[in-house]
Amino acid sequence: VQLQASGGGLVQTGGSLRLSCAASERSFGRYVMDWFRRAPGKEREFVAAVTWGGGSTYYADSVKGRFTVSRDSAKNTVFLQMNSLKPEDTAVYYCAAALQYIVSTIRLPSTYNYWGQGTLVTVSS
(Lines give C-alpha, C1' and ligand atoms only; values in the text may rest on other atoms or scores of the structure.)
Protein backbone atom coordinates (compact mmCIF):
# COMPACT_ATOMS: atom_id res chain seq x y z
CA VAL A 1 0.00 0.00 0.00
CA GLN A 2 1.37 3.39 -0.97
CA LEU A 3 0.05 6.64 0.44
CA GLN A 4 0.62 10.03 -1.16
CA ALA A 5 -0.13 13.10 0.95
CA SER A 6 -0.55 16.56 -0.53
CA GLY A 7 -2.13 19.94 0.07
CA GLY A 8 0.20 21.52 2.59
CA GLY A 9 1.38 25.09 2.34
CA LEU A 10 1.68 28.46 4.01
CA VAL A 11 -1.45 30.07 5.42
CA GLN A 12 -2.22 32.90 7.81
CA THR A 13 -3.80 32.43 11.21
CA GLY A 14 -7.51 31.80 10.80
CA GLY A 15 -7.09 30.42 7.30
CA SER A 16 -7.94 27.02 5.86
CA LEU A 17 -6.20 24.20 4.06
CA ARG A 18 -7.36 20.84 2.76
CA LEU A 19 -4.97 17.93 2.86
CA SER A 20 -5.41 14.85 0.69
CA CYS A 21 -4.04 11.35 1.01
CA ALA A 22 -4.35 9.16 -2.06
CA ALA A 23 -3.98 5.42 -1.54
CA SER A 24 -2.86 2.85 -4.07
CA GLU A 25 -4.94 0.12 -2.44
CA ARG A 26 -8.49 -0.36 -3.70
CA SER A 27 -9.66 -2.75 -1.00
CA PHE A 28 -9.86 -0.41 1.95
CA GLY A 29 -13.04 -1.80 3.42
CA ARG A 30 -11.45 -2.81 6.72
CA TYR A 31 -8.89 -0.05 7.08
CA VAL A 32 -8.67 2.88 9.40
CA MET A 33 -6.99 5.97 7.96
CA ASP A 34 -5.32 8.49 10.16
CA TRP A 35 -3.60 11.85 10.15
CA PHE A 36 -0.68 12.50 12.46
CA ARG A 37 1.53 15.54 12.70
CA ARG A 38 4.98 16.38 13.98
CA ALA A 39 5.81 19.92 14.95
CA PRO A 40 9.43 21.10 15.14
CA GLY A 41 11.06 19.73 18.27
CA LYS A 42 7.98 17.74 19.29
CA GLU A 43 6.80 14.18 19.19
CA ARG A 44 4.47 12.90 16.53
CA GLU A 45 0.87 13.30 17.63
CA PHE A 46 -2.50 12.02 16.59
CA VAL A 47 -4.75 14.46 14.73
CA ALA A 48 -7.76 12.62 13.28
CA ALA A 49 -8.88 9.22 12.02
CA VAL A 50 -11.67 7.77 9.91
CA THR A 51 -12.68 4.15 9.50
CA TRP A 52 -12.96 3.30 5.86
CA GLY A 53 -15.98 1.03 6.07
CA GLY A 54 -18.23 2.77 8.58
CA GLY A 55 -16.94 6.29 8.34
CA SER A 56 -16.56 6.73 12.09
CA THR A 57 -14.34 9.66 12.94
CA TYR A 58 -12.03 10.48 15.82
CA TYR A 59 -10.26 13.72 16.67
CA ALA A 60 -7.61 15.04 18.98
CA ASP A 61 -9.05 17.56 21.44
CA SER A 62 -6.77 20.25 20.04
CA VAL A 63 -8.42 20.13 16.59
CA LYS A 64 -11.98 19.13 17.43
CA GLY A 65 -14.43 21.59 15.92
CA ARG A 66 -11.84 23.00 13.52
CA PHE A 67 -10.69 19.97 11.50
CA THR A 68 -12.82 17.47 9.60
CA VAL A 69 -11.60 14.11 8.33
CA SER A 70 -13.45 12.34 5.53
CA ARG A 71 -12.92 9.73 2.86
CA ASP A 72 -13.94 9.28 -0.77
CA SER A 73 -14.18 5.58 -1.46
CA ALA A 74 -14.43 6.00 -5.22
CA LYS A 75 -11.15 7.94 -5.29
CA ASN A 76 -9.36 5.94 -2.58
CA THR A 77 -8.61 9.25 -0.93
CA VAL A 78 -8.80 10.61 2.61
CA PHE A 79 -9.12 14.32 3.29
CA LEU A 80 -8.36 16.57 6.21
CA GLN A 81 -10.17 19.88 6.04
CA MET A 82 -8.45 22.31 8.40
CA ASN A 83 -10.22 25.53 9.33
CA SER A 84 -9.43 28.29 11.81
CA LEU A 85 -5.77 27.38 11.66
CA LYS A 86 -3.45 28.50 14.45
CA PRO A 87 0.34 28.87 14.56
CA GLU A 88 0.48 25.83 16.84
CA ASP A 89 -0.94 23.74 13.96
CA THR A 90 2.35 24.24 12.11
CA ALA A 91 3.79 20.77 11.49
CA VAL A 92 4.51 18.10 8.94
CA TYR A 93 1.29 16.16 8.49
CA TYR A 94 1.38 12.45 7.73
CA CYS A 95 -1.37 10.14 6.62
CA ALA A 96 -1.30 6.53 7.72
CA ALA A 97 -3.31 3.36 7.25
CA ALA A 98 -3.88 0.28 9.34
CA LEU A 99 -5.70 -2.93 8.47
CA GLN A 100 -5.84 -4.32 11.97
CA TYR A 101 -7.01 -2.05 14.70
CA ILE A 102 -9.19 -1.68 17.72
CA VAL A 103 -10.77 1.60 18.66
CA SER A 104 -8.68 2.01 21.80
CA THR A 105 -5.46 2.05 19.74
CA ILE A 106 -6.54 4.32 16.89
CA ARG A 107 -4.55 7.23 18.33
CA LEU A 108 -1.29 5.28 18.58
CA PRO A 109 1.31 5.53 15.79
CA SER A 110 2.27 1.91 16.43
CA THR A 111 -1.15 0.82 15.13
CA TYR A 112 -0.32 1.92 11.58
CA ASN A 113 1.48 -0.21 9.01
CA TYR A 114 1.57 2.22 6.10
CA TRP A 115 2.69 5.85 6.05
CA GLY A 116 2.73 8.65 3.52
CA GLN A 117 5.70 10.94 3.04
CA GLY A 118 4.29 13.96 4.87
CA THR A 119 3.21 17.41 3.78
CA LEU A 120 4.27 20.63 5.51
CA VAL A 121 1.68 23.01 6.92
CA THR A 122 2.91 26.41 8.10
CA VAL A 123 0.57 28.83 9.83
CA SER A 124 1.90 32.35 10.17
CA SER A 125 0.85 34.64 13.00
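Look up a bit, the structure's there.
Scope of this entry: the structure provided in the associated data block.

What counts and how
Residues numbered from 1 in each chain as written. Predicted model: local features only at pLDDT ≥ 70, side-chain atom pairs only at ≥ 80, totals over all residues. Heavy atoms only, no water. Buried < 20%, exposed > 50% of the residue type's maximum accessible area, 1.4 Å probe, protein only. Helix = DSSP H or I, 4+ residues; strand = E, 2+ residues; numbered from the N terminus. Pairing = 2+ DSSP bridges. Axes fitted to C-alpha atoms, helices over the stretch in contact; angles between N-to-C directions. Disulfide = S-S within 2.5 Å.

### Side note on the pairing of strand β9 (residues 91–98)
In terms of residue burial, β9 counts as a mostly covered element, since six of its eight residues are buried. Across seven bridges, the pairing between strand β4 (residues 32–38) and β9 is antiparallel. Opposite arginine 38, over in β9, you have valine 92 as the bridge partner. Where β9 meets strand β11 (residues 119–124), three bridges bridge the pair, whose relative direction is antiparallel. Residue pairing for β11: valine 92 is matched across the bridge by leucine 120. Where β9 and strand β10 (residues 114–115) come together, two bridges link them in antiparallel fashion. Counted as the bridge partner of alanine 97 is tyrosine 114 from β10.

### Regarding the sheet that holds strand β1 (residues 3–6)
Two pairing modes exist for strands in a sheet, parallel and antiparallel, and in both the strands are linked by backbone hydrogen bonds. One open sheet holds the four strands; their spatial order is β1-β3-β8-β7, and the pairing between them is antiparallel. Both edges of this open sheet fall to β1 and β7 (67–72), since each of them pairs with a single strand only. Across the sheet, the mean angle from the axis of one strand to that of its neighbour is 15°, orientation sign disregarded. Where strand β3 (residues 17–23) and strand β8 (residues 77–82) come together, six bridges link them in antiparallel fashion. Paired with leucine 17 across the bridge in β8 is methionine 82.

### Structural notes on the state of the cysteines
Taken as a whole and assessed by the stated rule, the structure comprises one disulfide. Cysteine 21 shares a disulfide with cysteine 95; S-S distance 2.1 Å. Around the S-S axis, the bridge from cysteine 21 to cysteine 95 shows a dihedral of about 65° and counts as right-handed. Here cysteine 21, found in strand β3, pairs with cysteine 95, found in strand β9; they are 74 residues apart in sequence, far enough to count as distant. Judged by relative accessible area, cysteine 95 falls into the buried class, the value being 1%.

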